[in-house]
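Chain and residue survey
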Amino acid sequence: MRAFHGWGLVVLVAAQTVGAQAIGNEHEYAFGDARKVLETYCQTCHQGKSPAAHLDLTHYTSADSLSKEPQVWSRVYQRVRDASMPPKGMPAPAADQREQLAGWIENTLRVSMCSAGPTPGPAPLRRLNRNQYSTTIRHLFNVPFDAGRALPEDGAGGEGFDNAAETLFLSPLLAEKYLEAGKEALNIALKNPEARRSVIVARPSAEMTPEQAARKVLAGFLPRAFRRPARAGEVDGYVALFREGQKRGESFDGAIQLALEGVMISPQFLFRVEDPNPDPKPRLLGNYDLASRLSYFLWNSMPDQELFDLAAEGKLNDPEVLKKQISRMIQPDVKGDDDNVKITRENKMDAMAQQFVEQWLETRELGRDIKPDATLFPKYYETELQEAIRLEPVMFFKELLTQNLSLLNLIDSKFAMLNKPLQSLYALNVKTQARASAVGAQLSHVELPENSHRGGVLGMSAVLAVTSYPNRTSPVLRGKWVLEAVLGTPPPAPPASVPALEEAHAGVAGKTMRERLEQHRRDAACAGCHSRIDPLGFALENYDVLGRWRTEDSGAPVDAKGELTDGTKFDGPVELKAALLNRKDVFIRNLTVKMLGYALGRGLRLEDSCTVDQIVARLKDNDYKARTLVEEIVLSVPFRYQAGASPAVSSMSRGGGQ
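Residues numbered from 1 in each chain as written. Predicted model: local features only at pLDDT ≥ 70, side-chain atom pairs only at ≥ 80, totals over all residues. Heavy atoms only, no water.

**Observations regarding the overall build of the protein chain**
Scanning the protein chain from N- to C-terminus turns up 30 helices and 13 strands. The buried share of the protein chain, reckoned over its 658 residues, is 52%. Carbon and sulfur atoms provide 51% of the accessible area of the protein chain, an area that totals close to 29400 Å². (Helix = DSSP H or I, 4+ residues; strand = E, 2+ residues; numbered from the N terminus. Buried < 20%, exposed > 50% of the residue type's maximum accessible area, 1.4 Å probe, protein only. Areas by Shrake-Rupley, 256 points an atom, 1.4 Å probe, with all protein chains shown as cover.)

**Observations concerning helix H15 (residues 319-330)**
Side chains of residues three or four places apart in an α-helix project in the same direction, reflecting 3.6 residues per turn. Given a rise of 1.5 Å per residue, 12 residues ought to cover 16 Å, and the 16 Å separating the end C-alpha atoms of H15 matches this to within 8%. Listing the buried residues of H15 in full gives Val321, Leu322, Gln325, Ile326, Met329 and Ile330. Considered in projection along H15, the buried side chains sweep an arc of 155° and stay on one side of the axis. (Expected span 1.5 Å × (residues − 1). Arc of directions from axis to C-beta.)

**Some details on the packing of aromatic side chains**
A full pass over the atoms with the stated rule returns 17 aromatic pairs. Ring centres 5.6 Å apart and planes at 70° place the aromatic pair Phe242 and Phe252 in the edge-to-face group. Of this pair, Phe242 sits in helix H10 (residues 234-247) while Phe252 sits in helix H11 (residues 252-264), and the two are 10 residues apart along the sequence. By relative accessible area, which is 1% here, Phe242 ends up buried. Centre to centre, the rings of Phe396 and Phe415 are 4.9 Å apart; their planes meet at 15°, and the pair counts as stacked. In this pair, Phe396 sits in helix H17 (residues 383-402) while Phe415 sits in strand S6 (residues 415-418), placing the two residues 19 residues apart along the sequence. Phe415 shares its class with Phe396; the two are buried. Members of the aromatic cluster, each reached through a chain of ring pairs, are Phe161, Phe297, Phe356, Trp360, Phe397, Tyr598 and Phe639. For Lys348, the ring lying beneath its charged end belongs to Trp299, and the centroid distance is 4.3 Å. (Phe/Tyr/Trp six-rings, centres within 6.5 Å; stacked < 30°, edge-to-face > 60°. Lys NZ or Arg CZ within 6 Å of the ring centre and 35° of its normal.)

**Description of unusual backbone geometry**
Positive phi, close to 60°, is recorded for His54, a residue that is not glycine. Overall, the relative accessible area of 79% leaves His54 in the exposed class. Even without being a glycine, Asp623 presents a positive backbone phi close to 55°. Structurally, the position occupied by Asp623 is in the loop between helix H27 (608-621) and helix H28 (626-634).

**A few points about the pattern of salt bridges**
Applying the stated criterion across every chain yields a total of 31 salt bridges. Note that Arg149 is salt-bridged to Glu184, the shortest N-O span being 2.7 Å. Of the two residues, Arg149 sits in the loop between helix H6 (130-141) and helix H7 (172-191) while Glu184 sits in helix H7, which places them 35 residues apart along the sequence. Glu320 is paired through a salt bridge with Lys323; the nearest N and O atoms lie 3.8 Å apart. Note that Glu320 and Lys323 are positioned in helix H15 at a spacing of 3 residues, about one turn of the helix. Since its relative accessible area comes to 48%, Glu320 is described here as partly exposed. Sharing partners across several salt bridges, the network here consists of Arg110, Arg589 and Asp613. (Salt bridge = Lys/Arg side-chain N within 4 Å of Asp/Glu carboxyl O.)

**Some points on the nonpolar core**
Counting residues in each nonpolar core, the largest one holds 101 residues, and the members touching the most others are Phe297 and Leu410. Those residues in contact with Leu410 that lie beyond four places of it in its chain are Trp360, Phe396, Phe397, Leu400, Gly456, Val457, Phe587 and Leu591. One finds Leu128, Val217, Val239 and Tyr296 within the second-largest nonpolar core, a separate group that totals 45 residues. (Core = buried A, V, L, I, M, F, W, Y, C linked by side-chain atoms within 4.5 Å. Contact = heavy atoms within 4.5 Å.)

**Considering the environment of Asp623**
On the basis of relative accessibility, which here comes to 55%, the residue Asp623 falls in the exposed class. C-alpha of Asp623 to C-alpha of Leu408: the two residues are 215 residues apart in sequence and 9.1 Å apart in space.

**Details of the pairing of S6**
Residues of S6 alternate between two faces, with Phe415 and Met417 on one and Ala416 and Leu418 on the opposite face, all of them buried. With 4 bridges connecting them, S6 and strand S8 (residues 444-447) associate as antiparallel partners. Each residue of the ladder has a partner; that of Phe415, found in S8, is Glu447. (Pairing = 2+ DSSP bridges.)

**Points about the side chain of Lys594**
Position of Lys594 relative to the elements: it lies in helix H26 (residues 584-600). Although Lys594 is buried, it makes no salt bridge; Glu159 carries the closest opposite charge, 5.3 Å away. The residues contacting Lys594, other than those within four sequence positions of it, are Glu159, Phe161, Phe356 and Trp360. (Lys, Arg positive; Asp, Glu negative; His and termini not counted.)

**Section: the side chain of Gln355**
Inspection of the secondary structure puts Gln355 in helix H16 (residues 349-360). Among the polar contacts made by the side chain of Gln355, one reaches the side chain of Arg364 at a distance of 2.6 Å. Gln355 has contacts with Asn131, Phe161, Asp162, Asn300, Arg364 and Tyr598, leaving out every residue within four places of it along the chain. (Polar contact = N/O pair within 3.5 Å; in protein donor to acceptor, adjacent residues only side chain to side chain.)

**Considering the environment of Val476**
Note that Val476 resides in helix H21 (residues 475-486). Taking the relative accessible area as the measure of exposure, Val476 reaches 22% and is therefore partly exposed. For the pair Val476 and Asp534, spaced 58 residues apart in sequence, the C-alpha separation works out to 5.4 Å.

**Description of the packing of helix H14 (residues 305-312) against H15**
Axis separation between H14 and H15 bottoms out at 12 Å; the angle between their running directions is 170°. Judged by the angle between their axes, H14 and H15 are roughly antiparallel. Residues Glu306, Leu307 and Leu310 of H14 form the contact with H15, whose own contacting residues are Val321, Gln325, Arg328 and Met329. Residues of the contact of H14 with H15, tallied by class, amount to 4 nonpolar, 1 polar and 2 charged. (Axes fitted to C-alpha atoms, helices over the stretch in contact; angles between N-to-C directions. Parallel < 35°, antiparallel > 145°, perpendicular 65-115°, else oblique. Nonpolar A, V, L, I, M, F, W, Y, C, P; charged D, E, K, R; others polar.)

**Things to note about the environment of Ala102**
Take Ala102: it is sitting in helix H5 (residues 95-113). Remark: the alpha-carbon pair of Ala102 and Tyr77, spanning 25 residues in sequence, is separated by 5.6 Å. Other than its neighbours up to four places away in sequence, Ala102 contacts Tyr77, Val80 and Arg81.

Right under this line is the structure:
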């Protein structure tokens with residue numbers, strides 16, 4: 001079945017709540033309500049002898065009839081959700097009707113599909129993305145070198161992350177760039193004495209021929225580069241490359257480098273390739289494949305020697321062993337007390353925290369495509385502050401994981417991760433607590449005073465800047481961000497005919513942002529969505545573009561009042577956070593969807609919502625602890641199991657194919 005993007009898995013929660021209220025709370029949204037909408041807006045084209053898209057809606061007379069054709073109704077869901085149907089120019093349901101219908105379709109299919117419990121989804125072949133390539137090279141050779149710096153950035157896919165298999169193909173042009181990057185990385189590594197000794201483990205001698213030495217080098221290197229034991233004939237193939245180099249007159253060093261370059265451009269290195277499952281039934285993932293899934297989830301890199309050893313012993317699929325490995329991989333090696341902390345190895349989890357958080361919260365674009373106006377906000381361009389702004393949400397999330405704190409701290413917390421430049425920006429002066437998890441970024445755990453206006457991600461400069469325009473704040477961008485990143489219920493795209501706020505009306509000079517938006521909402525085409533978006537953004541208007549607290553806008557007091565569609569009223573960020581905490585299960589479900597999609601490296605399917613349900617339930621039972629989220633994802637069926645082969649593949653694997 002086609003993937004259901006992350007927010008679709010969450011929207012049913014909000015949609016059903018809104019739906020029940022919209023129809024008077026007498027009953028939950030049901031088949032009869034859905035049928036009325038379909039008859040009114042869809043059935044004109046989808047009935048009769050030649051229905052559009054071969055879909056005759058009159059054939060479906062109950063909720064059960066939808067469950068019998070999930071592929072058909074998953075497509076209907078997509079069309080309803082993304083507003084691509086009804087066609088342009090035809091009467092269309094209002095936004096709340098569309099949400100209610102989409103939520104009901106999804107829930108109906110989900111209940112049917114989850115009746116048998118969670119199932120493993122596909123594990124598509126995927127290339128190492130640019131960041132994974134860099135970290136893998138760094139750990140393969142133990143050389144601090146950014147091997148992927150010349151590679152193009154990867155686009156987002158799946159649940160909004162650039163590690164999604166859907167986007168990680170390899171074009172001929174990109175293959176050339178990986179070839180160049182591999183050669184450069186190998187050259188740099190072999191010039192480093194320590195790295196060279198770890199790779200070139202044998203040299204020709206009186207007791208060892210050049211080919212024997214080459215075989216020993218390659219037999220040691222291939223399993224680490226391919227992230228699994230070498231298969232029959234694989235070493236021979238690269239020894240043949242070495243032999244070819246010697247025939248061309250290369251020295252031992254030149255010939256072995258040629259063979260190693262061949263390894264570096266092999267699909268077995270550039271792609272994450274899992275052993276196929278020939279059986280039609282799901283099975284546990286192989287230990288080496290599980291080691292790679294685990295390491296690329298938590299470290300964004302290849303497995304280390306301990307993971308390889310556990311895989312070799314066949315122990316990695318043991319749930320208790322997995323839990324111990326999760327704890328080891330999340331918690332950095334630390335020696336010393338709080339007054340004299342030393343990190344004894346690179347904390348590899350930093351890469352995961354940065355990749356996940358910056359893409360989930362959309363703060364990666366800050367300093368790239370999104371930059372505050374240098375004339376109006378020169379403070380942002382102070383180097384130390386700019387780096388601290390970028391890292392604050394990353395280090396905050398990392399603190400939750402390493403200290404196993406509640407994920408609800410992301411909405412509101414009594415602490416922050418700050419340094420002196422950030423404290424100055426936020427007009428705070430509090431004592432920091434040195435902690436190993438924060439030393440690397442020079443941001444430390446800070447207990448916040450009362451009325452600090454901070455706590456959680458909503459008061460972080462990176463979030464507030466990326467949801468502003470260069471020269472001013474934007475309640476629309478901020479409200480939309482809350483709906484998308486926090487609740488997972490984004491509004492539909494605005495109609496193409498709707499002008500930008502600055503262009504919409506004359507005579508806006510001197511008006512507050514609220515006054516300008518109220519004028520904008522007088523357009524009926526704008527009012528529906530803006531009634532959901534704007535109140536959330538208004539609550540954050542006390543923060544300027546950089547997140548500094550303010551009490552005036554255009555010379556008038558900031559009005560941070562808002563009201564949700566269910567009647568919940570709030571005034572300012574503190575009350576907004578309280579309203580969001582009252583909807584914590586919607587937030588936790590969205591976060592679970594995001595992290596599960598990131599961990600699996602693919603878009604989630606409707607079947608995966610069964611796993612999401614189980615993880616959310618476990619989080620509730622464990623006070624929403626951050627470590628629980630990671631553990632439950634790693635122990636889940638989609639993460640630890642392989643889907644069964646299709647009947648054709650299974651038949652061929654047993655010799656039934658031609």
